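For reference, the chains in residue letters:
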Amino acid sequence: MGKRFSYLFILSTFFVSGMAIAQVEQKAPDVEAAEAPQVGEGVSQAIEQPKEEVVKGIIKVIAADGSFIVIENTKVLTTKEFLDDSYLEVGDNVEVVAQVTEAGLKAKNYNYIFEEDGPSAISEESPSQEQGY
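Each chain has its residues counted from 1, following the order in which its sequence is written. Totals for whole chains, interfaces and linings use every residue, but because this is a predicted model, local features are given only for residues with pLDDT of at least 70 and side-chain atom pairs only at 80 or more, for both listing and counting. As a rule here, side-chain values cover all heavy atoms of the structure and leave hydrogens and water aside.

Visitor: Sorry if this is basic, but what is going on with the side chain of Ser 86 here?
Guide: Inspection of the secondary structure assignment puts Ser 86 in helix H2 (residues 80-86). Accessibility expressed as a relative area gives 1% for Ser 86, which makes it buried. Whether two residues are in contact is decided by their heavy atoms: any pair within 4.5 Å suffices. If we ignore the near neighbours within four places in the chain, the residues touching Ser 86 are Tyr 110 and Tyr 112. Strands here are runs of E lasting at least two residues and helices are runs of H or I lasting at least four, both read from the DSSP assignment and numbered beginning at the N terminus. Relative accessibility thresholds used throughout: buried, under 20% of the residue-type maximum; exposed, over 50%; partly exposed, between the two (1.4 Å probe, protein chains only).

Visitor: Looking at this model, I keep getting lost on the pairing of strand E2 (residues 68-71). Mind explaining?
Guide: The side chains of a regular strand alternate, first on one face of the sheet and then on the other. In this description, strands pair whenever DSSP reports at least two bridges between them. Direction of pairing for strand E1 (residues 52-62) relative to E2: antiparallel, over a ladder of three bridges. Across the sheet, the residue bridging to Val 61 is Val 70, located in E2. Adjacent in sequence and paired antiparallel, E1 and E2 are bridged by five residues, among which Gly 66 carries a positive phi angle near 75 degrees. Of the strand pairs in this sheet, E2 and strand E3 (residues 74-77) are connected by four bridges, and their pairing is antiparallel. Among the inter-strand pairings, Ile 69 is bridged to a residue of E3, identified as Val 76.

Encoded structure:
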């Protein structure tokens with residue numbers, strides 16, 4: 001009796017797991033079909049991502065009212081809050097991600113660019129040439 005029960009239990013476990021796998025495989029193509037655009041839908045229904053541009057260089061000008069900055073020769077619109085949060089100053093070497101708008105480039109994010117001019121802190125000698133202490 002115990003052997004029959006264990007065989008039925010094992011068979012039912014395989015049967016249930018097989019059904020679960022089949023359902024997952026059936027759902028996967030449905031998700032892809034929902035995400036893919038249908039033929040004849042047109043461009044009007046497509047979601048347009050805002051265009052972004054990366055401006056790199058040294059900040060030449062910061063407007064007194066905080067409305068814009070000039071990086072090399074490119075004017076980027078900003079807000080006073082953006083400048084207060086970023087601590088950007090004239091002469092900083094930066095990379096600004098800007099959204100393309102009708103009014104011009106509008107700053108969204110920034111990164112400082114640090115270039116090492118001096119010698120590196122890590123020794124370039126091989127470990128065999130180092131002296132022990």
